[in-house]
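Take a look at the letters that make up each chain.
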Amino acid sequence: MRELIVGQHIVGKETDSKSLVLVPTARYLCVHLPHWAITRRLRRRPELLDKPVVVVETVRRGGGGGGGGGGRVDVVDGSPAAMKAGVGPGMSLAEGRAICPGLLVLERQAEKDRLALEALGRWMTRFTPFVATGWPVEKGDKGTLHRPMPLLLNVAGCERFFGSMEIIVREVRAALKRFGLPARVAVAPTPGAAWALAWSGKRSGRIVGADELAEAVAGLPVEALRLCGEIVASLRNLGLRTIGQVMALPRETLPSRFGEALLRRLDEVLGARADLLLPLGYEVPVEARLEMDGAVESLEVLWLVLQELVGRVVTDLERRCEGARRLELICKSDPADGLPPVVRTVALSRPSRDGRRLIELLRCATEKLDCGKGFVDVRLKVPLHERMTAEQMCLLESEVQADQNGFEQLMDRLTVRLGAENVVCPVAVASYIPERAWRGAGFHERNEGVGQGGFATAIARPTVLLKTPAEVRVVAEPSDDREGRPAQMTYMGRVHRLAHVLGPERLAGEWWRGHGKVRDYYDALDETGRRFWLFRVVTQQEESVSVRWFLHGMFL
């Protein structure tokens, strides 16, 4: 008998009869988190731990016709208090509120759940370098089986570091218990079997070998095969409730009755077909560190240390063809002094690996730093770095590019010296209301393209826009409908006779915010050459009409 080996796995044994018998020898540890959606939310809001709370999701949209097109809101997960009251996954929110009137509702945050699960998975890499977050949820015509994505750890060969597989399972369960995460753990030769045992098993920590795999999964329900609701319903209608009952059927009849998915899932669980997983990627952080025998008590010496650290960081960035967007400097004193570490953060407007520029910004950030009793540990991190491309500029554009680079370097220095909250730039927002058509954003935030984009307009807007429109007294030209053009304005006790007036430009209010009044804007120039932007609001009351004028901006 000859073994066929691929990587770490014995994929089969070739016997004298020329038949290939698959023998899975990999070991997968599955961490099933049955209440991940609610657990993550309750960890962030501990005041809700003892209250009935559910996480809900709109799982089905209404169709057309005259039905109104609403959505069915189902309960995805519930807190222990909600489960005790009888509210659990699978029921609608209306049913849950009928059972428990004081039910608190939280919307499901699928993306945040996924990111938090990936963070937990990266923490689990201390047990094995191969950690995956399971498979995508499959959808069927009759609904979706809502299950949290598990963590799957390939622990084959890791026993030599921990002593035994039992020790690995015990360590994983102890870590999850410290985190306060309810979970079930199982180990099997295939990821599908490990998940099936963890999901459907009442006992956590079960370890199944290759020789007992088929017997271990035979008694599990058919839902453990990760099938869509349509196939599960078809199997149960035929009286097939366990995986063993499905295994007893002739293989050639399964695809025609239930499709290829059932046979594929069955082969993946038993190891007859490869079950591909995508492990979480791990990127070595960009950072440099120096530990000194003696304390650094002066800025001059600290800047020499920074030159060494920046040189190491720049070398790493050049190897990656990337540039730093944010630097984080951490200076620690002797632990015996009991002083907290000093942290300085430097943000850049664009990726850079120019050592001189980085050192200059770090010196600006530390020029008022009090070294106190000195630092014995200095670390420079680059938590945010991006890909850099080589820039090729034309001869006539070199001066423009140089000016742009100089402006960005100036803004970087101002941000470091004054603080990011004090260096802001206007960013356009899609709104027709002038005071809501922009917002202040940090210079680096502006360069990251976070603006939502404004509406284009061919009409000039004032250079100075008042934060709150100021009410002014206006004398308008005679008009039968009270919509005469302004002729004179009194602002801050000074009378301005308006020589030229353009308008009106009518802007409707935002009725959905409770501001539905229409504004008529005028561009007015007084006799001294000063230019104003003012508007009129007409309010219709029971039997009277009131007209109010406001100054909104000035052209400089």
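Right, let's walk through the structure included here.

Calculation criteria
Residues numbered from 1 in each chain as written. Predicted model: local features only at pLDDT ≥ 70, side-chain atom pairs only at ≥ 80, totals over all residues. Heavy atoms only, no water. Phe/Tyr/Trp six-rings, centres within 6.5 Å; stacked < 30°, edge-to-face > 60°. Helix = DSSP H or I, 4+ residues; strand = E, 2+ residues; numbered from the N terminus. Buried < 20%, exposed > 50% of the residue type's maximum accessible area, 1.4 Å probe, protein only. Lys NZ or Arg CZ within 6 Å of the ring centre and 35° of its normal. Pairing = 2+ DSSP bridges. Contact = heavy atoms within 4.5 Å. Axes fitted to C-alpha atoms, helices over the stretch in contact; angles between N-to-C directions. Core = buried A, V, L, I, M, F, W, Y, C linked by side-chain atoms within 4.5 Å. Right-handed = clockwise from strand over helix to strand, strands pointing away. Polar contact = N/O pair within 3.5 Å; in protein donor to acceptor, adjacent residues only side chain to side chain.

## What about the packing of aromatic side chains?
Per the stated rule, a full pass over the model turns up 8 aromatic pairs. Ring plane angle 75° and centroid distance 4.9 Å describe the contact between Trp123 and Phe179, whose orientation is recorded as edge-to-face. Residue Trp123 is located in helix α4 (residues 110-123), and its partner Phe179 is located in helix α6 (residues 165-179); the two are separated by 56 residues in the primary sequence. Classification of Trp123 by relative accessible area gives partly exposed; the value is 23%. Ring centres of Trp195 and Trp199 lie 5.4 Å apart, and the angle between their planes is 10°; on these two criteria the pair is classed as stacked. Of this pair, Trp195 and Trp199 both sit in helix α7 (residues 191-200), 4 residues apart, roughly one helical turn. Clustering of aromatic rings is evident, with ring pairs tying together Trp123, Phe127, Phe162 and Phe179. Here the basic side chain of Arg363 rests over the ring of Trp303, its NZ or CZ set 4.0 Å away from the ring centre.

## Overview of the sheet that holds strand β11 (residues 151-154)
If you walk across this open sheet you meet the 5 strands as β8-β11-β4-β12-β13, and the pairing is mixed. Of all strands in the sheet, those bounded by a partner on one side alone are β8 (131-132) and β13 (206-207). Pairing of β8 with β11, which is carried by 2 bridges, proceeds in the antiparallel orientation. Across the sheet, the residue bridging to Ala132 is Leu152, located in β11. Helix-sheet contacts for α6 involve β4 (28-32), β12 (184-188) and β13, and the interaxial angle to β12 is about 160°. On the sheet, α7 packs against β4, β11, β12 and β13 and is oriented at approximately 145° with respect to β12.

## Details of the sheet that holds strand β25 (residues 545-555)
The strand order around the closed barrel built from 6 strands is β20-β21-β22-β23-β24-β25, with neighbouring strands paired in antiparallel fashion. In this sheet, neighbouring strand axes are inclined to one another by 45° on average, regardless of whether the strands run parallel or antiparallel. In this structure, strand β24 (residues 531-540) lies alongside β25, joined through 10 bridges in antiparallel fashion. Looking at β25, one finds that Val538 is bridged to Val547.

## So, the nonpolar core
Counting 38 residues, the largest nonpolar core has Leu235 and Leu262 as its most contacted members. Every element with two or more residues in this core is listed here: β4, β12, α7, α8 (213-218), α9 (229-237), α10 (243-247), α11 (254-258) and α12 (260-270). If one sorts the elements of this core by residue count, α7 sits on top with 6 residues. If near-sequence neighbours (up to four positions away) are discounted, Leu262 is found in contact with Leu225, Leu227, Leu235, Val246 and Leu254. Leu361, Cys364, Val382 and Val416 belong to the second largest nonpolar core, which has 34 residues in total.

## So, the environment of Val185
Positionally, Val185 belongs in strand β12. With a relative accessible area of 2%, Val185 lands in the buried category. Between the C-alpha atom of Val185 and that of Trp199, which follows or precedes it by 14 residues, the distance is 8.7 Å. Non-local contacts of Val185, meaning those with residues more than four positions away in its chain, are made with Leu29, Cys30, Val31, Val169, Val172, Arg173, Leu176, Ala198, Ser204, Gly205 and Arg206.

## Details of the pairing of β12
Walk down a regular strand and you will see the side chains alternate between the two sheet faces. For β12, a buried count of 4 out of 5 residues is recorded, marking the element as mostly surrounded by other parts of the structure. Of the pairings in the sheet, the one linking β4 to β12 comprises 5 bridges and is antiparallel in character. Each residue of the ladder has a partner; that of Val31, found in β12, is Val185. Examined bridge by bridge, β12 and β13 share 2 bridges and lie parallel to one another. When the bridges of β13 are listed, Ala186 appears paired with Arg206. As for the winding sense of the linkage, the β-α-β connection from β12 through α7 to β13 is left-handed.

## Observations concerning the side chain of Arg40
Following the sequence through the fold, Arg40 ends up in helix α1 (residues 36-44). Of note is the side chain of Arg40, whose polar atom sits 2.5 Å from the side chain of Asp113. In contact with Arg40, other than residues within four places in its own chain, are Gln109, Lys112, Asp113 and Ala116.

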